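Spelled out, the chains give:
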Amino acid sequence: MIRRARALALACGLLLGSCFEGQALWGERCAADRDCGPALTCHADGVCADVPACGELPLTIADMRPKVVLLLDHSESMKRCLDAPEERSACFDPDPPGPSRWDALAGVVQAAVDGLADRVDFAAIVFPSDDLPDLLKQGYACRFNAATTIAFGPTAAAAIEAAVPPDRDREPSGENPVRDAWTAARALLDDVTGDAVPPRMIVLLTDNPPNCPGGGADLETNTEKLDPSVADLVAAGAADGVPTLVVGISIQDQLAGVVPGDGQIDLVNPNLYMTGLAEAGGAPQPGATPYLHLGDSDDLPGVTGALIAAIDALTADLGRCRVRLREAPEAPELVAVGLDGRLRRDDPTCADDQAWRWPGDDRRAIELCPGACARLTAGAGVRVRYGCP
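Residues numbered from 1 in each chain as written. Predicted model: local features only at pLDDT ≥ 70, side-chain atom pairs only at ≥ 80, totals over all residues. Heavy atoms only, no water.

Peer 1: Would you mind showing me how to read the confidence of the model for the protein chain here?
Peer 2: Any segment with low pLDDT has predicted coordinates that should not be analysed in fine detail. Of all residues in the protein chain, 91% attain a pLDDT of 70 or more, and the chain-wide mean is 88. The low-confidence segment residues 1-24, where pLDDT is below 50, has 6 contacts with residues more than four positions distant or belonging to other chains. (pLDDT = per-residue confidence, 0-100. Contact = heavy atoms within 4.5 Å.)

Peer 1: So what exactly am I meant to see when it comes to the pattern of salt bridges here?
Peer 2: Here the idea is simple: oppositely charged side chains can pair when their charged atoms come close. For the coordinates displayed, the defined rule picks out 24 salt bridges. Between lysine 79 and glutamate 76 there is a salt bridge, and its shortest N-O distance comes to 3.1 Å. On the basis of relative accessible area, lysine 79 is assigned to the buried category, the value being 8%. Between arginine 101 and aspartate 207 there is a salt bridge, and its shortest N-O distance comes to 2.7 Å. Taken together, the positions of arginine 101 in helix α2 (residues 101-116) and aspartate 207 in the loop between β8 (200-206) and α6 (229-239) put the pair 106 residues apart, joining distant regions of the chain. The residues arginine 101 and aspartate 207 share a single accessibility class, namely buried. Connected via shared salt-bridge partners are Asp45, Glu56, Arg383 and Arg385. (Salt bridge = Lys/Arg side-chain N within 4 Å of Asp/Glu carboxyl O. Buried < 20%, exposed > 50% of the residue type's maximum accessible area, 1.4 Å probe, protein only. Helix = DSSP H or I, 4+ residues; strand = E, 2+ residues; numbered from the N terminus.)

Peer 1: Is there a simple way to explain the packing of helix α5 (residues 178-191) against α6 in this structure?
Peer 2: When two helices pack together, their arrangement is given by the angle between the helix axes and the distance between those axes. For the pair α5 and α6, the least separation of the axes is 9 Å and the interaxial angle reads 20 degrees. As summarised for this structure, α5 and α6 are arranged roughly parallel, according to the angle between their axes. For the pair α5 and α6, the sense of crossing is left-handed. When α5 is examined against α6, the residues Val178, Arg179, Trp182, Thr183 and Arg186 are found in contact with a partner set consisting of Ser229, Val230, Leu233, Val234 and Gly237. Considered class by class, the residues forming the contact of α5 with α6 number 5 nonpolar, 3 polar and 2 charged. (Axes fitted to C-alpha atoms, helices over the stretch in contact; angles between N-to-C directions. Parallel < 35°, antiparallel > 145°, perpendicular 65-115°, else oblique. Left-handed = near helix turned anticlockwise from the far one by under 90°. Nonpolar A, V, L, I, M, F, W, Y, C, P; charged D, E, K, R; others polar.)

Peer 1: Explain the environment of glutamate 56 here, please?
Peer 2: Here glutamate 56 is to be found in strand β3 (residues 53-59). For the pair glutamate 56 and aspartate 45, spaced 11 residues apart in sequence, the C-alpha separation works out to 9.2 Å. Contact partners of glutamate 56, with chain neighbours within four places excluded, come to Arg383, Val384 and Tyr386. A polar atom in the side chain of glutamate 56 sits 2.8 Å from the side chain of arginine 383. (Polar contact = N/O pair within 3.5 Å; in protein donor to acceptor, adjacent residues only side chain to side chain.)

Structural data, given as structure tokens:
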């Protein structure tokens with residue numbers, strides 16, 4: 001009897017040894033070492049593993065939603081008629097002959113936000129800052145501050161739509177401090193970006209190249225000078241994964257002369273400048289120009305549809321539950337990902353549909369397998385565990 005019991009104990013030991021060899025309880029929750037299989041330890045983060053955790057990244061589906069900042073030109077020239085650019089203010093009258101440039105911008109923005117707010121997070125910046133509109137007409141035409149910034153948040157979409165009323169309710173004024181507005185937009189995106197990096201984009205909607213090279217207190221003598229720093233900023237942003245898509249409104253294709261007071265930026269061809277800016281921004285669009293050109297009312301449907309499609313393309317990662325990382329982990333072989341307690345190592349073929357995989361050799365993104373993706377989309381939380389090398 002004793003001999004039989006010993007034999008059974010030995011058999012159970014061999015069986016359990018084979019069960020717990022390697023990964024048997026690896027990634028399971030634990031309270032003490034005794035909860036873990038052979039060669040595994042219950043670490044401080046409550047997980048059976050061969051190495052302790054050096055970091056952890058919690059994720060929800062909201063962390064993967066694209067973030068888009070809209071830069072909205074509300075300068076003096078946006079009062080001009082969209083279909084008759086020589087008309088400086090007729091479309092600002094109570095009975096306008098047609099839409100102004102600002103009216104056109106408002107329609108495009110409202111359609112994009114309405115159509116995408118269920119899957120894209122928006123913020124917006126109106127420039128120049130018109131919280132004190134009289135200053136824009138007193139030598140501070142390039143004034144910019146945070147007063148006309150709408151940050152990311154649950155009420156942002158409604159606030160953006162409220163920020164683009166008909167121009168008769170909010171008179172366009174001042175110049176184009178794009179450098180300040182773009183810099184503020186980049187800061188908004190950096191503020192909502194942690195170790196997980198959502199798809200990001202800045203959309204510039206404007207009717208002229210940027211001026212105001214002297215900053216917020218720019219004198220009127222500088223409003224006809226190009227700010228050369230903007231192209232470098234958008235190129236640097238594109239290199240950092242923040243492209244700038246350009247929507248040009250009534251862009252002229254002729255070189256401006258040096259004529260004080262003509263309202264044109266000296267020695268700049270607006271079309272050529274916008275072309276170069278759109279290419280530098282890393283989001284060139286197909287068509288006659290790499291920027292979306294809203295030349296007149298006939299262009300409104302096409303430009304609106306193209307902008308919505310370009311922003312919607314950012315949601316591709318959302319549909320396949322792909323999470324981009326700020327930087328590759330030091331030891332990718334020690335990364336584990338799990339939902340609701342159970343951690344798993346990468347499964348390149350997704351044979352386990354509750355697992356995950358590296359979609360690229362650079363190890364800068366994590367993609368959940370279909371079953372795990374479905375659970376995340378339904379509201380489950382994801383935990384990324386970085387093992388210590």
